[in-house]
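# Overview (structure and organization)
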Amino acid sequence: MLKYLNVFRLIRDMKLQTKMIFLITGVVLISVVPLSYIVLQRNQAVVRDKTIEVCKNLGNNISNLATEELLINETYDDTRTALARLKDSSITGLLESYVLNIDGKYVADLHEQKENQAASPEEKKFYLTLPKLVEQELLIGKKKVLRFSYPIFIDYKKEKMRVGTAVFEFDKEKVYEPVRKIRRTIFMVSGIAFAVAIIIAISTAFYFTSPLKRLSEGAEIIGGGQLEHRIQVKRRDELGQLAFTFNQMTEQIQDFTHNLELKVKERTEELNRTLQEVQALKVAQDGDYYLTSLLLSPLQQNNNKSRYTKTHFYIEQKKKFKFRKWDAHIGGDICISDSIQLNGKTYTVILNGDAMGKSIQGAGGALVLGVVFNAALTRSRLVKNEKVYPEAWLKERFLDLHNVFISFEGSMYISVCMGLVEEDTGLFYYINAEHPWTVLFRDGIASFMEEELEIRKLGTPEQEDRFRVRIFQLLPGDVVITGSDGRDDLILTNEETGEEFVQEDETEFLRRVEEGEGNLEKIVKAVKENGKLMDDFTLLRVGYNETYETIVDLAVDEELGEKVGRGSLLVNEGKEEEALRVLEDVFVENQKYPDLLKLLGRLYYNKKEFARAAQCFEEYLNVNPGDNEYLYALSNTTRQVGNLHRAADLGERLYLRQHNHYLNLVNLAMIYRDLEIYARAKKMIERAIDINPDKPDVARLYREIREEARAKEDSLTEERKESIREEYEKHIVKAKELYQKKKYFPALVSFKKAMALDEQSSKLMFKIANCCFFTNNYKDAIRFYHRAIAINGSNYRARNNLGKVFFEQKEFENAREQWLLTLGLKEDFKPAIVNIKRLDTFLSARKREENGKEEGALLQTEEVEAV
């Protein structure tokens, strides 16, 4: 209320009328001069900017017409024609315009006075060093001239080549004439506004001062404590409304003063009731937290019973609470360890997960993960479920969990590190789904076991094809540590400023592991001493054979080593039969020696005794299961024997470890072709083609698989065939319409839907590749161009466009090779001929530029050949 009183005291007598009149008049008068000056400067700036914009447009137009002439220094007809058009266009204030080439010679002039003349050395130096359009104000004769100099460049791949300069001269007086007219208009309008303002000010002062005075006097009386007083201003405008509102406020203050004690008492009782309700809710919430923590506790157990592989946990959730007499904590981190049997071998299972969200949300994710994973462990102990390889077991567990979390539709994700440690050999099979990097502590040094992300969090769509199992050979005494991101997300304090910040260096954890010497308790202590925890914090430690016990005795006597060495020399000398006799003599009593098994298996394979070769390879893999090359050899040999299903299992096992193993992809394609599982066969052979597209045997296998798949499709009923054809045509029609409108992303989607119904069309692959190219997805473009060529080796258009992709990636030799292959298929194909010529020109020009001799010509490639 005091604020209103201070305002009203300022307007207490009639003298304010005169002050208001002179104040308004003075403001109007003083504002006219600076306003006119500001408007003048602003309009001059606008005119200048528009003139610069005109010069840029003119310069661009001349550049588009004159670039080639300026580059090759022949005739300048187009350039001079462009200036002649300027002369006819009647541009306001334009006095002169001319174009200079890179040598500083005037090649075109608006009035044809400087043509074929050379610029002075100073002008030439100025024009040839312009970085951009430059404005100058000159006095030529008695005229003030605005000169705009515009450098002409050729742009390509972020490289610029200067070819000339365009110059435009304007009469300053004519350019700024409209601005001066505006200023005169402002003065005239301001004078009229000045007179009107005086009249309005006088009228307004007399109209408002009287009621304002009554408001001020009434406010002063009320401010003195007479709350029963009311202001008498009977008007229906804003002042009347203000008086009415002020009277209402006075009544409320009077009422509030009389009833203040009662209101305070009522408010206190209301706050007490609210506090009791909040306390009751908190007790209920803590009860929910405690129940959830009780549910989580049995799910994250260390049930590992291994003799050689030991596991330890550290679990500290961020949310801590007290429920009745119990202290507890809850969060989204979880650790699980157990032991299982797979194919007669003992494995230690580990899992460390971190669910999205804090407190109850994260705990919900961890609870779901624990239930699903522990149920899978129980199922794995059934005899019928023990006949799986560790890679397949990990994939099944990943899909079990992933399919559950994908059903949450983005509301719940969870990072996880999950693995198996083979008891006898120490081979560590594991996956890392966007979890902090796994740490290996060996010989006092800590390091990360992986350096790239392959699998996203559980619940992230389209992860199935990205799945890969990593393998790592643990040695006696090795320690593996995996943990949640709470190990890195620490709050640190700047010692100088005292400001807190979040640690961002993930390698700091390696130093904590080394400080703790791989001991879990010491690592936790080192982490907490380094900073303050800001998230759930869990660590899972795996120690392999830390007592250095002998698990498998592979000791070799000197005589056996000599015989194996002799057999190896005989193989190198081409005496395989003699080597086989030497090795078979010692094999009966030494069937576990790895080098002997490998060498003997190769000899049996070369003799096409595939069953015996497979036996040797399998025995070798029992001792050294992490050797990918011999896993492939066993799969391939088993296929030769005719045991296709086992060969497929072995090949898929390697595929889960290494997606890009070329020979294994070809081997799997042949296996699935023989099993008549053509969809899987096509997927494997297409991956092989993506890796090495120029192998004729692979291309032939691809065609055979497609032909056999088509033959199988021909056995479909006519009704089913017609349905497929209709759906295919629908997608093709829609894709072509989108392609013609240059909507390449949606066109690509429709083309791929059509491809799902027919993977035999080279033209369709070509169209998909073009869409990928136009959307800058060069990797997929290369893949589908190769696929189009594999289907139809005479597709010269695919070859030509493949060269274009290589050129865009600056792989010039590969581009030249593809264009030469294009001409080998169609010797008169003009785009390929032009591309090769321009590639040579471009490379020559670039070489000259690098040598500093002269600026080279820029390659202007053809667009991708249209579908």
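Because the structure is predicted, anything quoted here is derived from the model rather than measured.

### Focus: the environment of Gly 59
Following the sequence through the fold, Gly 59 ends up in helix α2 (residues 15–72). Taking the relative accessible area as the measure of exposure, Gly 59 reaches 0% and is therefore buried. With near-sequence residues (within four places) excluded, Gly 59 lies in contact with Tyr 150 and Phe 168.

### Quick notes on a nonpolar patch on the surface
On the surface, a cluster of nonpolar side chains totalling about 480 Å² of accessible area is made up of Met 188, Val 189, Ile 192, Val 196 and Ile 200. Looking at where Val 196 falls in the secondary structure, it is placed in helix α5 (residues 172–223).

### Some thoughts on the packing of aromatic side chains
In total, this model carries 24 aromatic pairs according to the counting rule given. An aromatic cluster is present here, built from Tyr 739, Tyr 744, Phe 751, Phe 773, Phe 774 and Tyr 778 joined pairwise through their rings. Stacked on the ring of Trp 393, the Lys or Arg Arg 397 has its end atom at 5.1 Å from the ring centre. A cation over an aromatic ring shows up here: Arg 706 above the ring of Tyr 702, its NZ or CZ 5.2 Å from the ring centre.

### Looking at the state of the cysteines
Under the defined criterion, the tally for this structure stands at zero disulfides. Of all cysteine sulfurs, the one in Cys 772 lies closest to Cys 771, which takes part in no disulfide; the gap is 7.0 Å. With relative accessibility at 0%, the residue Cys 771 sits in the buried group.

### Comments concerning the packing of helix α15 (residues 628–641) against helix α17 (residues 662–674)
In the contact formed by α15 and α17, the axes pass within 10 Å of each other and the chain directions differ by 25°. Overall, the two elements α15 and α17 adopt an arrangement that is roughly parallel. For the pair α15 and α17, the sense of crossing is left-handed. For the pair α15 and α17, the contacting residues are Tyr 632, Ser 635, Asn 636 and Arg 639 in the first and Leu 663, Asn 664, Asn 667, Met 670 and Ile 671 in the second. A breakdown of the residues in the contact of α15 with α17 according to their chemical character gives four nonpolar, four polar and one charged.

### Some details on the nonpolar core
Formed by 64 residues in total, the largest nonpolar core has its most connected members in Ile 685, Phe 751, Leu 764, Ile 768 and Tyr 785. Looking at this core element by element, the count peaks at nine residues for helix α23 (residues 778–791). If you look at the next biggest cluster of nonpolar residues, it comprises 35 residues, including Ala 355, Ala 366, Leu 401 and Val 469.

### Points about the sheet that holds strand β13 (residues 439–442)
Strand order in the open sheet formed by five strands is β6-β20-β16-β13-β14, and the pairing between neighbours is antiparallel. At either end of the open sheet lies a strand with only one pairing partner, and these are β6 (309–316) and β14 (445–448). Taking the axes of each pair of neighbouring strands and ignoring which way they run, one obtains an average angle of 20° across the sheet. Of the strand pairs in this sheet, β13 and strand β16 (residues 479–483) are connected by three bridges, and their pairing is antiparallel. Bridging across to β16, Val 439 finds its partner in Ile 481.

### Thoughts on the pairing of β14
Every second residue of β14 is oriented toward a common face, the buried set being Ala 446 and Phe 448 and the non-buried set Ile 445 and Ser 447. Bridge count for β13 against β14 is four bridges, and the pairing is antiparallel. The partner of Val 439 across the bridge, within β14, is Phe 448. Joining the antiparallel neighbours β13 and β14 is a turn of two residues, in which Asp 443 adopts a positive phi near 55°.

### Things to note about the confidence of the model for the chain
Across the chain, the average pLDDT comes to 80, with 84% of residues at 70 or higher. Counting interchain partners and residues more than four positions distant, the pLDDT-below-50 stretch residues 1–15 has 25 contacts. Below pLDDT 50 for its whole length, residues 853–867 participates in 53 contacts with residues either more than four positions away or in separate chains.

### Considerations on the side chain of Thr 538
Along the chain, Thr 538 falls in strand β20 (residues 537–544). Note on Thr 538: relative accessible area 0%, which makes it buried. Reaching out from Thr 538, the side chain makes a polar contact with the side chain of Asp 333 at a distance of 3.2 Å. A distance of 3.1 Å separates the side chain of Thr 538 from the side chain of Asn 352, its partner in a polar contact. Among residues more than four places away in sequence, those in contact with Thr 538 are Tyr 314, Ile 315, Glu 316, Asp 333, Cys 335, Asn 352, Thr 482, Gly 483 and Ser 484.

### Some points on the pattern of salt bridges
In total, this model carries 38 salt bridges according to the counting rule given. Among the ionic pairs, Lys 528 bridges to Glu 316, the shortest N-O distance being 2.7 Å. In this pair, Lys 528 sits in helix α10 (residues 520–530) while Glu 316 sits in strand β6, placing the two residues 212 residues apart along the sequence. Here Arg 512 ties to Glu 515 by a salt bridge, and the two come within 2.9 Å at their closest N and O atoms. Remark: Glu 515 and Arg 512 occur in helix α9 (residues 508–515); sequence separation between them is three residues, near one turn of the helix. The class for Arg 512 is buried, based on a relative accessible area of 8%.

### With respect to the sheet that holds strand β17 (residues 490–493)
Pairing is antiparallel across the open sheet formed by three strands, whose spatial order is β18-β17-β19. This sheet does not close on itself; its edge strands, each paired only once, are β18 (500–502) and β19 (532–533). Inspection of the sheet shows β17 paired to β18 by three bridges, in the antiparallel sense. Bridge pairing in β18 places Ile 491 opposite Val 502.

Cut-offs used in this document
- Residues numbered from 1 in each chain as written.
- Predicted model: local features only at pLDDT ≥ 70, side-chain atom pairs only at ≥ 80, totals over all residues.
- Heavy atoms only, no water.
- Helix = DSSP H or I, 4+ residues; strand = E, 2+ residues; numbered from the N terminus.
- Buried < 20%, exposed > 50% of the residue type's maximum accessible area, 1.4 Å probe, protein only.
- Contact = heavy atoms within 4.5 Å.
- Patch = residues over 30% accessible without salt bridge, like charges linked within 9 Å, V, L, I, M, F, W, Y side chains within 5 Å.
- Areas by Shrake-Rupley, 256 points an atom, 1.4 Å probe, with all protein chains shown as cover.
- Salt bridge = Lys/Arg side-chain N within 4 Å of Asp/Glu carboxyl O.
- Phe/Tyr/Trp six-rings, centres within 6.5 Å; stacked < 30°, edge-to-face > 60°.
- Lys NZ or Arg CZ within 6 Å of the ring centre and 35° of its normal.
- Disulfide = S-S within 2.5 Å.
- Axes fitted to C-alpha atoms, helices over the stretch in contact; angles between N-to-C directions.
- Parallel < 35°, antiparallel > 145°, perpendicular 65-115°, else oblique.
- Left-handed = near helix turned anticlockwise from the far one by under 90°.
- Nonpolar A, V, L, I, M, F, W, Y, C, P; charged D, E, K, R; others polar.
- Core = buried A, V, L, I, M, F, W, Y, C linked by side-chain atoms within 4.5 Å.
- Pairing = 2+ DSSP bridges.
- pLDDT = per-residue confidence, 0-100.
- Polar contact = N/O pair within 3.5 Å; in protein donor to acceptor, adjacent residues only side chain to side chain.

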